There are 4 protein chains.
Amino acid sequence: MAGNSFGTVFRVTTWGESHGRAVGAVVDGCPAGLDLSEEEVQRELDRRRPGYSTVSTARREEDRADILSGLFEGKTTGTPISILVWNRDAQSGAYDLLRNRPRPGHADWPYLARYGIRDHRGGGRSSARETVGRVAAGAVAKTLLAGEGIEVAGYVRELGGIRGELQESWDISSLREEAEKNPVRCPDQLAAKEMIQAVEAARGAGDSLGGVAEIIAVGVPPGLGEPVFDKLDADLASALMGIGAVKAVEIGAGVEAARMWGSESNDPLLPGLKFETNNAGGILGGISTGSPIICRISVKPTPSISMPQRTVDLSTGEAAEIEIRGRHDPTIPPRIVPVAEAMVALVLADHLLRRRMARV
Amino acid sequence: MAGNSFGTVFRVTTWGESHGRAVGAVVDGCPAGLDLSEEEVQRELDRRRPGYSTVSTARREEDRADILSGLFEGKTTGTPISILVWNRDAQSGAYDLLRNRPRPGHADWPYLARYGIRDHRGGGRSSARETVGRVAAGAVAKTLLAGEGIEVAGYVRELGGIRGELQESWDISSLREEAEKNPVRCPDQLAAKEMIQAVEAARGAGDSLGGVAEIIAVGVPPGLGEPVFDKLDADLASALMGIGAVKAVEIGAGVEAARMWGSESNDPLLPGLKFETNNAGGILGGISTGSPIICRISVKPTPSISMPQRTVDLSTGEAAEIEIRGRHDPTIPPRIVPVAEAMVALVLADHLLRRRMARV
Amino acid sequence: MAGNSFGTVFRVTTWGESHGRAVGAVVDGCPAGLDLSEEEVQRELDRRRPGYSTVSTARREEDRADILSGLFEGKTTGTPISILVWNRDAQSGAYDLLRNRPRPGHADWPYLARYGIRDHRGGGRSSARETVGRVAAGAVAKTLLAGEGIEVAGYVRELGGIRGELQESWDISSLREEAEKNPVRCPDQLAAKEMIQAVEAARGAGDSLGGVAEIIAVGVPPGLGEPVFDKLDADLASALMGIGAVKAVEIGAGVEAARMWGSESNDPLLPGLKFETNNAGGILGGISTGSPIICRISVKPTPSISMPQRTVDLSTGEAAEIEIRGRHDPTIPPRIVPVAEAMVALVLADHLLRRRMARV
Amino acid sequence: MAGNSFGTVFRVTTWGESHGRAVGAVVDGCPAGLDLSEEEVQRELDRRRPGYSTVSTARREEDRADILSGLFEGKTTGTPISILVWNRDAQSGAYDLLRNRPRPGHADWPYLARYGIRDHRGGGRSSARETVGRVAAGAVAKTLLAGEGIEVAGYVRELGGIRGELQESWDISSLREEAEKNPVRCPDQLAAKEMIQAVEAARGAGDSLGGVAEIIAVGVPPGLGEPVFDKLDADLASALMGIGAVKAVEIGAGVEAARMWGSESNDPLLPGLKFETNNAGGILGGISTGSPIICRISVKPTPSISMPQRTVDLSTGEAAEIEIRGRHDPTIPPRIVPVAEAMVALVLADHLLRRRMARV
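S.K.: Would you mind showing me how to read the interface of chain D and chain C here?
M.R.: Interfaces are often sized by the amount of accessible area the parts lose when they come together. Listed by partner, the interface residues are 107 residues for chain D and 108 residues for chain C. Taken over both partners, the interface formed by chain D and chain C buries close to 8400 Å², and the fraction arising from carbon and sulfur atoms is 61%. Of all residues in chain D, the largest losses of buried area upon contact with chain C belong to Arg114, Phe229 and Lys247 of chain D, amounting jointly to 11% of the total for that side. At the surface where chain D touches chain C, the tally comes to six salt bridges. A salt bridge links Arg310 of chain D to Glu276 of chain C; the shortest N-O distance between them is 2.9 Å. Remark: the boundary between chain D and chain C carries 41 residue pairs in polar contact (both at pLDDT 80 or more). No other element matches helix 2 (residues 108–115) of chain D, which puts seven residues into the side of chain D that touches chain C. Broken down by class, the residue content of the side of chain D that touches chain C amounts to 55 nonpolar, 31 polar and 21 charged. Sheet analysis places strand 11 (residues 246–251) of chain C next to strand 11 (residues 246–251) of chain D, joined by three bridges and oriented antiparallel. Residue pairing across strands places Glu250 of chain C opposite Ala248 of chain D, the latter belonging to strand 11 of chain D.

Dropping the structure here:
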C-alpha cells in the first residue's frame with residue numbers, strides 16, 4: 001500500500017535509496033520450474049548502467065546482481081527471488097548544498113511535504129537508482145515471457161526534436177540490434193548521429209533534452225488483460241507513467257487517434273483473426289488482440305541541469321538560486337529504454353499468469 | 001484480481017452488463033461521518049446520461065441511483081455504500097447479427113479469446129454502460145474531496161481536429177459552467193459550434209470523430225502520491241487509460257515535454273513554495289506539488305459506425321461484412337468528461353486517505 | 001482495505017446492514033463457463049434462514065436471492081456476480097432503547113469507538129444478517145468446488161456441554177444428511193434430542209448456550225495453500241474466526257495436539273502417498289495433503305439474552321441496566337454451520353485457483 | 001499473492017530459504033519519522049535464536065540484522081526497510097537422505113505436490129529459519145506500537161501437559177521478566193522446572209513435546225479492526241495459525257466459551273467504559289474494546305524426531321523408514337514465543353494505521 005510493490009500475481013517489491021547501502025528487489029509469484037541464471041539478470045542491469053558512452057553520465061555504477069533466494073539448481077522454486085545490488089559510488093558531499101534548496105523539476109519539495117523528513121543525498125527513492133530493482137525484476141519477467149514466445153524491445157524514436165524512422169523490413173530482433181548499436185539507442189543510424197550532436201550541444205550549454213521512446217512486444221497471445229479496471233493498457237499506462245520523467249503514455253495510434261475518423265481508426269479483422277492495421281496497438285477493450293503491443297512514452301528533459309535555476313531556501317523561505325553540480329545525463333530516453341522494457345515485461349508476465357484464472 | 005475493483009483505501013467495485021438486469025457499484029473505504037445524499041449521486045449520473053442532445057445518442061437511459069447501504073441519517077457510516085441502477089432499455093434483438101461477427105474497434109474478439117463465452121448483446125462489461133458505476137462512485141469521491149477544498153472539472157479541448165481555447169480569467173467554476181453550456185462540453189462557445197457541425201457531418205456520413213478532453217483538479221494539497229509505484233500520475237494514467245476509447249494520457253506538458261529543454265521544462269519555485277509555471281501538471285516524482293493537477297486524454301472515434309466494415313464470421317472463419325445498426329454516439333469525448341472526472345476524483349480520494357499513513 | 005472483501009482470486013465483497021434496505025454480495029473472480037443457477041444459491045440461503053423450528057429465532061426472514069449480473073444462458077461469464085437480497089422484516093422500534101446502552105457481548109461500543117457514528121437499529125454490519133452475502137457467495141464457491149470433486153459439510157459437534165459422536169461408517173453425504181435431520185444440526189440423533197432440551201431450558205431461563213461446530217472438506221487435492229503467509233490453515237483460521245461469536249479455531253488435532261508426543265502426532269505416510277492418520281487435519285506447512293480438511297470452531301453463547309445485564313448509559317456515563325427484547329436464537333452453532341461451510345468453500349475455491357500459478 | 005507478504009498498510013514481505021545464502025524481510029508502509037535502531041531489531045532476533053540452552057537445539061545461528069534501507073539519521077523515512085540476515089551454518093549434507101523420503105509431520109510432500117520442485121536441504125521456506133524475517137519486521141512493529149503505549153508479551157502456558165500459573169499481581173513487564181528467566185519461557189518458575197525435565201525426557205526418548213503459548217497485548221485502544229472480514233481477531237488468527245506447528249488459535253475464553261452460558265460469557269460494561277471481565281479477550285465484533293488482547297496457540301510437538309518413522313520413498317513409491325538426524329528442538333513453544341509476539345505486533349501495527357481511515 002505504500003507503493004513499493006508492482007503487479008498482482010507476478011509481483012515485485014523494490015527497496016533502497018540512491019545513497020543508502022544497497023538497492024534491491026524481491027520478485028514474488030514467479031512460478032516454479034523456470035530456468036533462470038544470474039547472467040540473464042546481469043545482462044539487463046548492464047544495459048541500464050550509465051557511463052558507457054559520452055552521451056550518458058560518467059558516474060560509474062558497476063552493478064552486480066546477487067540472487068539471494070528462490071533458485072535451486074538453476075530453476076526457480078516458486079519462492080521469492082531476492083536480488084541485491086550494493087551501492088558503491090555514493091559521494092554524498094556533492095549534495096550538501098541541496099539540503100535546503102529543492103531542485104526544480106525534482107521530487108525534493110513534494111517528498112518533504114509528504115514525509116516531513118528527507119534524505120537529501122540524491123533523490124532517495126525518487127532517484128533513477130531505484131530502477132535497478134525494476135530492471136532486475138524485469139529480467140526475470142522477460143525470461144518467463146521468452147518461454148511463451150513473447151519478446152519485448154524498446155528504442156528511442158525522437159530526441160531533441162529529431163525523429164528516427166523504422167524500416168518496414170525489421171523484425172523485433174533487427175530493431176533491437178540496430179538500437180543497441182549507438183549510445184542513444186535509436187535504430188536509425190543517421191538520426192542517431194544527429195541526436196548525439198544535439199545531446200552534446202545541450203550538455204555544453206548546461207541544459208538538457210527530452211525525447212520519445214517506443215516499446216514493442218511481439219508474440220503476445222490474445223486474451224491478456226482484465227476487462228474493466230486492470231485493463232492491459234491501463235496497467236501499461238501505470239507502469240510507464242510511473243517511471244521518473246515520463247509525462248505521456250500512448251498506446252497504438254495514441255494522440256493521433258483523436259484526429260482520426262472511426263472508419264480510419266478501426267482495424268479491420270481478417271480471416272485467421274488477424275488485424276489488417278494496428279491503430280489499437282494490440283489492445284481492444286483492455287484485452288490483447290494478438291497483434292504487437294505498441295507503447296510510446298514522452299520523456300521530459302533531465303531536470304538536473306548545471307545552469308543556475310530559481311528556487312526557494314527552505315530555511316529562510318526566501319528566493320534562492322541553485323546550480324546542480326555533478327555528473328548527470330543530459331538526456332534520459334536512451335537510459336529509460338531498458339527500464340521501460342522491464343516495466344512492460346512485468347505487466348505482461350503478470351497478465352499472462354492472471355489469464356490462467358479466466359476459465360473453469 | 002479479476003479487475004472489477006479500483007483504488008486501495010477508497011475502493012470501488014463495479015458490476016453489471018449493458019444488457020443484464022442492473023448495473024451498480026460498491027464503494028468500500030469511504031470514511032464515516034461524511035454528509036452524502038442520493039441527489040449528489042444522481043446529479044453526476046444525469047451528467048453522463050446520453051440522449052440530451054442531437055450530438056449524443058438518442059438511446060434513452062433514465063438512470064435512478066438507488067443507495068442501498070452505508071448511509072444512516074444522511075451520513076456515511078464507514079460501511080460499504082452499495083449503489084444500484086436498473087437497466088431499462090435493453091433491445092437485445094438489435095445485437096443478434098453481432099453474435100458471430102466481432103465488431104472492429106470493439107472488445108468482442110479479444111473478450112471471446114479470453115473467456116470462451118460472451119454475452120453478445122452489447123459490449124457486456126466493455127459497454128459504456130459500465131461507467132454508470134464509476135460515475136456514481138466518483139460522486140461519493142467528489143463529496144469527500146469537496147470537504148477538503150478539492151474540485152475536479154473536465155471539458156472537451158479538441159473534437160474532430162477543432163481546438164477550443166481557455167480564457168486566462170476563468171477559474172475552475174467558470175470553466176465548468178462554460179463547458180456545460182453546450183452538448184460537446186467545450187467551454188469555447190465558438191469552437192463548440194464548429195465541433196457540433198463536425199459531429200453532425202460525421203453522423204451523416206455514418207462515421208465518427210475522436211477528440212481530446214482535459215481534466216483539472218484544484219485545491220489538491222502537496223504530498224499526495226506514493227513515491228515509487230503508486231505514483232499519483234501513474235494512478236491517474238491507469239484510471240484514465242482504463243476508460244474505453246482512451247489511447248493516450250498526458251500529465252502537464254505531456255507530449256510537448258519531449259520537445260522542451262530542461263531550462264524551459266523545469267518549473268521554478270517561488271517564495272511561498274508555489275511554482276511559477278506548471279509544466280509538471282501539479283506532480284513531481286509522482287507526488288502532488290500543490291499546483292493544479294492537469295490531465296489530458298486522447299479519445300479515439302466511436303468504433304460503432306454505420307458504414308459497412310470488414311470483419312470475420314466466427315462460425316465460418318471467412319471474411320464478412322458488418323453494419324452496426326442502432327443509436328450510437330458519433331463522438332465520445334463529450335460523454336467521457338463526467339467519467340474521466342469520476343476516475344480522477346477516485347484517485348485523489350484514495351491518495352488523500354493514503355497520505356494519512358505517511359507519518360507517525 | 002476497509003475489510004468488506006474476502007479472498008484474493010475468488011473474491012467476495014459483502015454490503016448491507018441488518019436494518020437497511022437490502023444486503024448483498026459481489027463475487028469477483030469466478031471463472032467463466034461455470035454452470036450456475038439461482039436455485040443453488042437459494043438452497044444455501046434457505047439453510048441459513050432462522051425460524052424453521054422452535055430452537056431458532058421466530059423472526060421471519062424470507063430471503064430471495066436475486067442474481068443481477070455475471071450469468072449468461074446459465075453460465076458464468078467471468079464478470080462479477082452481483083447477488084441481492086431485500087430486507088423485509090425490520091422492526092427498528094425494538095432497538096430504540098439500545099441507542100445509548102451498548103449491549104454486553106456485542107460490537108456496539110467498539111463500533112462506536114471506531115466510527116463515531118452507529119446505526120443503533122440492530123448490529124449494522126455486525127449483525128448476523130450480513131452473513132446472507134457470505135452464504136450466497138459460498139454457494140457459488142461450492143458449485144465451483146463440486147466441479148472438481150470437492151465437497152464441504154458441517155455439523156454441530158457439541159452444544160451446551162453435550163457432545164455428539166460420529167459413526168465411522170458415515171461418508172460426507174451421510175454426515176450431512178444426518179445433521180440436517182434435526183434443528184440443532186447434530187448427526188447423532190440421541191445427542192441432538194438432549195441438545196434441544198438444553199436449548200429450550202436456556203431459552204426458558206432467558207439465557208443462552210455455546211457450542212462447537214466442525215467443518216469437513218473432502219476431495220481436496222494436495223498442493224493447495226501458499227507456504228508462508230497465506231497458508232491454507234491461516235486463511236481458514238481467518239475465515240472462521242471472522243464469523244461473529246467464534247472464539248477458537250482448530251485444525252485437525254487442534255488443542256489436543258499440544259498434549260501429544262511427536263511420535264503420536266506425526267501422521268505416517270503410506271504407499272500411494274496417503275496418510276495413516278489425520279492429526280494434521282489435511283494440512284502440513286500450510287499446504288493441503290490430500291487428506292480431508294478438518295476445522296473446528298468454538299462458538300460463544302448468543303450475547304443477546306433477555307435477563308437484565310449491566311452496562312453503561314452513554315449519555316450520562318453512568319451504570320445502567322439493559323434487557324434485550326425481541327426474538328433471538330438462544331444458541332448460535334446450528335445456524336453457524338451453513339455460514340462456516342460457506343467460508344471454508346470460499347477459501348478452498350480461492351486456493352484452487354491460486355494453485356494454477358504455482359508452476360510454469 | 002504468492003503468500004510471502006503479510007499486512008495491508010504495515011506490510012512485510014519475507015524471503016529466503018533455510019539453506020540458501022540469506023534470509024530477510026522488507027517492511028513497507030512504516031510511517032516516516034519513527035526512531036529505530038539496528039539494536040532494537042537485533043534484540044528480538046537474539047530472543048528467537050536457538051542454542052542458548054540445553055532445552056533448545058544446539059545448532060548455532062548467529063544472526064546479525066543488517067538494515068539496508070529506509071533509515072536516515074536514525075529515523076524511518078517512510079520508504080521500505082530492507083533487513084538482511086546471512087545464513088552461515090548450512091550443513092546441507094545432513095539432508096541428503098531426505099531427498100526422496102518426505103518427513104512425516106513436515107511440508108515436504110505437500111510442497112512437492114504444489115511446486116513439482118523442492119530444495120530438499122531443510123524445509124526451504126517452510127523452515128523455522130523463515131521466521132527470522134518475521135521477527136525482524138515484528139521488532140519494527142513493536143517500536144511503532146511502543147510509541148502509542150502498546151506492549152506485547154508472550155509466554156509458555158503449558159508444555160508436555162504441565163500447566164504454569166500466572167500471578168494476579170503481575171503486570172505485563174513482570175510477566176515478560178519472569179518468562180525470560182528460564183529456557184522454556186514459563187513465568188511460573190516451579191512449573192518451568194518440571195517442563196524442562198519433561199523436555200529432557202522427550203529428547204532422551206528421541207521424541208518431542210507440544211504445548212500452549214499465550215500472547216497478551218496491553219494498551220491497545222478501542223476501535224482497532226475492521227467490522228466484517230479483516231476483523232482484529234480474524235487477522236490475529238491468520239497471523240498465528242500461519243506459524244509452523246500451530247494447530248489451534250483461541251481468543252479470550254477460547255474453547256471454554258463453548259461451554260459457558262450467555263450470562264457468564266458476556267463481559268459487563270462499567271462506568272468509564274471498562275469491562276468487568278475479559279472473556280472477549282479484548283475484541284468484540286472484530287474490533288478492539290480497550291481491554292487487553294488475549295491470544296492462545298496450541299503448538300504440536302516438533303515433527304523432527306530421531307525415532308524411526310514410516311514414510312514412502314518417492315523414487316520407488318514403496319514404504320520406507322526415516323530417522324531424522326541432526327540437532328532439533330524437542331519442543332517448539334519456547335522458541336515460538338518471540339515469533340508469535342512478532343505476528344501479533346504486525347497485526348496491531350497494521351490496524352493502528354488502518355484505523356486512521358475510519359473517519360472523515
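S.K.: Is there a simple way to explain the relation of the copies chain D and chain C in this structure?
M.R.: Both copies of the chain are related by one operation, a rotation about an axis with a shift along it. When chain D is brought onto chain C, the operation consists of a screw motion whose angular component is 180° and whose axial shift is 0.0 Å, with 0.0 Å RMSD remaining. Accordingly, the operation relating the two chain copies is best matched by a two-fold axis. A high fraction, 100%, of the interface residues of chain D reappear at the interface in chain C, so the copies pair face to face through one surface.

S.K.: Explain the relation of the copies chain D and chain A here, please?
M.R.: In the superposition of chain D on chain A (RMSD 0.0 Å, axial shift 0.0 Å), the rotation amounts to 180°. A share of 100% of the interface residues of chain D reappears at the interface of chain A, consistent with the copies meeting face to face through the same patch.

S.K.: Please clarify how the side chain of Asn182 of chain D should be interpreted in this entry.
M.R.: Residue and element names in this part refer to chain D. Secondary-structure assignment places Asn182 in the loop between helix 4 (172–179) and helix 5 (189–204). The buried category is assigned to Asn182, whose relative accessible area is 9%. Within the local environment of Asn182, its side chain forms a polar contact with the backbone nitrogen of Arg185, the two atoms lying 2.9 Å apart. The contacts of Asn182, once residues within four sequence positions are left out, are Gln189 and Ala192.

S.K.: Just to check I follow, could you spell out the interface of chain D and chain A for this structure?
M.R.: Taken together, the contact between chain D and chain A spans 45 residues of the former and 45 residues of the latter. Counting the surface lost from both chain D and chain A, the interface buries some 3400 Å², and carbon and sulfur atoms represent 62% of this. When the buried area of chain D at its contact with chain A is split by residue, Leu68, Phe72 and Ile117 of chain D rank highest and sum to 18% of it. Applying the counting criterion to the chain D and chain A interface returns four salt bridges. One salt bridge connects Asp66 of chain D with Arg21 of chain A, and the closest N-O pair in it is separated by 3.0 Å. Taken together, the connections running from chain D to chain A amount to ten residue pairs in polar contact (both at pLDDT 80 or more). If you tally residues by element for the side of chain D that touches chain A, the top one is strand 2 (residues 11–15) of chain D, at four residues. For the side of chain D that touches chain A, the residue count by class is 16 nonpolar, 16 polar and 13 charged.

S.K.: Explain the pairing of strand 7 (residues 81–86) of chain A to me, please; I cannot follow it from the model alone.
M.R.: Within a regular beta strand, the side chains point alternately toward one face of the sheet and then the other, so they alternate between its two faces. Residue and element names in this part refer to chain A. Here strand 7 lies mainly inside the structure; five of its six residues are buried. Across two bridges, the pairing between strand 4 (residues 66–67) and strand 7 is antiparallel. Considered in strand 7, the bridge of Ile67 is made with Ile83.

S.K.: Please explain the environment of Thr311 of chain D as it appears in this structure.
M.R.: Residue and element names in this part refer to chain D. Here Thr311 is to be found in strand 17 (residues 309–312). Owing to a relative accessible area of 0%, Thr311 belongs among the buried residues under this scheme. With 209 residues separating them along the chain, Thr311 and Pro102 place their C-alpha atoms 6.6 Å apart. Within the structure, the side chain of Thr311 is placed 2.6 Å from the backbone oxygen of Pro102, a separation counted as a polar contact.

S.K.: Help me understand the packing of helix 3 (residues 131–146) of chain C against helix 8 (residues 333–354) of chain C in this model?
M.R.: Any two packed helices are characterised by the angle at which their axes cross and by the distance between the axes. All names here are of chain C. Two elements in contact, helix 3 and helix 8, have axes whose closest approach is 7 Å; the angle formed by their N-to-C orientations is 50°. Overall, the two elements helix 3 and helix 8 adopt an arrangement that is oblique. The handedness of the crossing between helix 3 and helix 8 is left-handed. Side by side, helix 3 and helix 8 meet where Thr131, Arg134, Val135, Ala137, Gly138, Ala141, Lys142, Leu144 and Leu145 of the first sit next to Pro338, Val339, Glu341, Ala342, Met343, Ala345, Leu346, Leu348, Ala349, Leu352 and Leu353 of the second. Considering only residue class, the contact of helix 3 with helix 8 consists of 15 nonpolar, two polar and three charged.

S.K.: It is not clear to me how the sheet that holds strand 3 (residues 22–28) of chain D should be interpreted in this structure. Could you clarify?
M.R.: The strands making up a sheet associate through hydrogen bonds between their backbones, and the pairing can be parallel or antiparallel. Residues and elements named next belong to chain D. The strand order across the open sheet formed by five strands is 1-2-3-7-4, and the pairing between neighbours is antiparallel. If you trace the sheet from one side to the other, it starts and ends with strand 1 (5–6) and strand 4 (66–67), each paired once. This element, helix 3 (residues 131–146), spans strand 2, strand 3 and strand 7 (81–86) of the sheet and lies at about 35° to strand 3.

S.K.: Just checking my understanding: could you explain the packing of aromatic side chains for this structure?
M.R.: Enumeration over the complete set of coordinates arrives at eight aromatic pairs over all chains. Aromatic side chains Phe229 of chain A and Phe6 of chain B sit 5.4 Å apart centroid to centroid with 40° between the ring planes, which places their arrangement in the tilted category. Here Phe6 of chain B lies in strand 1 (residues 5–6) and Phe229 of chain A lies in the loop between strand 10 (211–218) and helix 6 (232–241), a pairing that spans two chains. Judged by centre distance (5.0 Å) and plane angle (50°), the rings of Tyr111 of chain C and Tyr115 of chain C are tilted. One end of the pair, Tyr111 of chain C, and the other, Tyr115 of chain C, are both in helix 2 (residues 108–115), four residues apart, so they sit about a helical turn from each other. Of the two residues, Tyr111 of chain C and Tyr115 of chain C, neither departs from the other in class, the shared state being buried.

How each quantity is defined
- Residues numbered from 1 in each chain as written.
- Chains lettered and ligands numbered in written order.
- Predicted model: local features only at pLDDT ≥ 70, side-chain atom pairs only at ≥ 80, totals over all residues.
- Heavy atoms only, no water.
- Contact = heavy atoms within 4.5 Å.
- Buried area = accessible area lost by both parts, 1.4 Å probe.
- Salt bridge = Lys/Arg side-chain N within 4 Å of Asp/Glu carboxyl O.
- Polar contact = N/O pair within 3.5 Å; in protein donor to acceptor, adjacent residues only side chain to side chain.
- Helix = DSSP H or I, 4+ residues; strand = E, 2+ residues; numbered from the N terminus.
- Nonpolar A, V, L, I, M, F, W, Y, C, P; charged D, E, K, R; others polar.
- Pairing = 2+ DSSP bridges.
- Least-squares fit on C-alpha atoms with pLDDT ≥ 70 in both.
- Buried < 20%, exposed > 50% of the residue type's maximum accessible area, 1.4 Å probe, protein only.
- Axes fitted to C-alpha atoms, helices over the stretch in contact; angles between N-to-C directions.
- Parallel < 35°, antiparallel > 145°, perpendicular 65-115°, else oblique.
- Left-handed = near helix turned anticlockwise from the far one by under 90°.
- Phe/Tyr/Trp six-rings, centres within 6.5 Å; stacked < 30°, edge-to-face > 60°.

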